[in-house]
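Overview (structure and organization)
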Amino acid sequence: MSVGKVWFVGAGPGDPDLITVKGRDLITRAGAILFAGSLVSEAAMRWAPAGCEVADSKDMALEEIIAWLIARAQTNAVVLRLQTGDPSLYGALIEMAQPLDAAGVDIGVVPGVTSAMASAAAAVESLTLPEVTQTVILTRVEGRTPMPAGESLEDLARHHCTLCVYLSITLLQRVVGALRAAGWPDDAPMLVVHKASWPGEEKIIRGCIADIRDKCRAAKISSQAMIIASPALGAREWPDLKKSKLYDATFTHRFRRASE
Ligand code: SAH
């Protein structure tokens, strides 16, 4: 058994202030931190204690990452794997957890603000709206990682709910094609947020199926972007919004009696 515990901590989408209090506390107590270099802002390192070993995993293969974590857990009580957004989404969590389990290293996970939520916040959008859509799908399009049966974007888009598409900005043409094939009209609204929450670097592109590619090209967005397609986008400007029952004065729920 190792002396330490390896914590997979969601660092949030970029703004260091969006890490959880629990994640920050673990950073302040860490003996070693391995962060995912491409997206986690190094500013998150501002809380690491003096003497903490801090390394970037961007040039490491999975085996090296695992070996690094196991070795550090032999001599440090708190070892962190700091990941972008939330560790449960596209973060190879299980691929790392299995060998740590096999090596007898205790692990824990601290959730983080995922980039879909940071993107909705940046654009002041609600991903659910009464009588418009009550469902959100977090997905990606097929790249080198194949999509399981029934999960093509075209299949998912047939639900006409909110779609948050990760890892796909270079395949925006494919995203748009899948929405069209699923019957979304040319003027269906779309949102692309580049570096959501990154201080001074965030870009918000609003468009529709017909023009979002041109707009992203003009804005030179080709990485680190969230694509959102949803019938609820732009609702802040709608004059005839259906209100949520939760705050409706004629609706009784668990905590409040309806007024007459
Ligand atoms: N675990 C991460 C996702 C890792 S996959 C999370 O929960 O957010 C990497 C993809 O996440 C990128 O291709 C992009 O689609 C998205 N992403 C990560 N950070 C982002 C940010 N700040 N703004 C927009 N998209 C981001």
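Scroll up to find the structure this text is about.
Keep in mind that what you see is a predicted model, and the values were worked out from it rather than measured.

Moving on: the packing of aromatic side chains. If you walk through the whole model with that rule in mind, you get one aromatic pair. The ring of Trp-47 has Arg-46 lying over it, and the distance from NZ or CZ to the ring centre is 5.2 Å. Over the ring of Trp-68 we find Arg-72; its NZ or CZ atom is 4.3 Å from the centre of that ring.

Bringing unusual backbone geometry into the picture now. One non-glycine residue, Ser-197, lies in positive phi territory at about 75 degrees. Relative to the elements of secondary structure, Ser-197 occurs in the loop between strand E8 (189-194) and strand E9 (203-208). Located in the positive-phi region is Lys-220, a residue other than glycine, with phi close to 60 degrees. Secondary-structure assignment places Lys-220 in the loop between helix H7 (212-218) and strand E10 (225-229). Assessed through its relative accessible area of 71%, Lys-220 is described here as exposed.

Here we take up the sheet that holds strand E2 (residues 32-35). Ordered by their spatial adjacency, five strands build an open sheet running E3-E2-E4-E1-E5, and the pairing between neighbours is parallel. Each end of this open sheet is capped by a strand with a single partner; those strands are strand E3 (53-56) and strand E5 (106-110). Looking at each pair of strands side by side, their axes are set apart by 20 degrees on average, direction ignored. Bridge analysis of E2 against E3 gives four bridges, and the strand direction is parallel. Within E3, the position partnered with Phe-35 by the bridge is Asp-56.

Side chains that differ in charge, positive against negative, can pair when their charged atoms come close. Enumeration according to the criterion identifies 10 salt bridges in this entry. Here Arg-158 ties to Glu-154 by a salt bridge, and the two come within 2.6 Å at their closest N and O atoms. With its nearest N and O atoms 2.7 Å apart, the salt bridge here joins Lys-195 to Glu-201. Note on Glu-201: relative accessible area 36%, which makes it partly exposed.

Glancing now at the state of the cysteines. Among covalent bonds in proteins, the disulfide is the one between the sulfur atoms of two cysteines. For the structure shown, the criterion picks out zero disulfides. A disulfide-free cysteine, Cys-216 has its sulfur positioned 12 Å from the sulfur of Cys-208, the nearest such atom.

Attention now moves to the site of the ligand. In the region of the ligand, 18 residues are neighbours, and Pro-13, Thr-114, Ser-115, Ala-196 and Ala-225 sit closest. One of the backbone nitrogen or oxygen atoms of Ala-196 is found 2.8 Å away from a nitrogen atom of the ligand. Looking at the shell around the ligand, its residues break down into 11 nonpolar, five polar and two charged.

Every buried residue of helix H6 (residues 172-181) is accounted for by Leu-172, Val-175, Val-176, Ala-178 and Leu-179. The buried residues of H6 occupy one face: seen down the axis, they fall within an arc of 160 degrees. Structurally, H6 contributes buried residues whose contacts are with helix H5 (153-157), strand E7 (162-166), E8, H7 and E10. Looking at the residues trailing H6, positive phi occurs at Gly-183, about 95 degrees.

Basis of the calculations
Residues numbered from 1 in each chain as written. Predicted model: local features only at pLDDT ≥ 70, side-chain atom pairs only at ≥ 80, totals over all residues. Heavy atoms only, no water. Phe/Tyr/Trp six-rings, centres within 6.5 Å; stacked < 30°, edge-to-face > 60°. Lys NZ or Arg CZ within 6 Å of the ring centre and 35° of its normal. Helix = DSSP H or I, 4+ residues; strand = E, 2+ residues; numbered from the N terminus. Buried < 20%, exposed > 50% of the residue type's maximum accessible area, 1.4 Å probe, protein only. Pairing = 2+ DSSP bridges. Axes fitted to C-alpha atoms, helices over the stretch in contact; angles between N-to-C directions. Salt bridge = Lys/Arg side-chain N within 4 Å of Asp/Glu carboxyl O. Disulfide = S-S within 2.5 Å. Near = heavy atom within 4 Å. Polar contact = N/O pair within 3.5 Å; in protein donor to acceptor, adjacent residues only side chain to side chain. Nonpolar A, V, L, I, M, F, W, Y, C, P; charged D, E, K, R; others polar. Arc of directions from axis to C-beta. Contact = heavy atoms within 4.5 Å.

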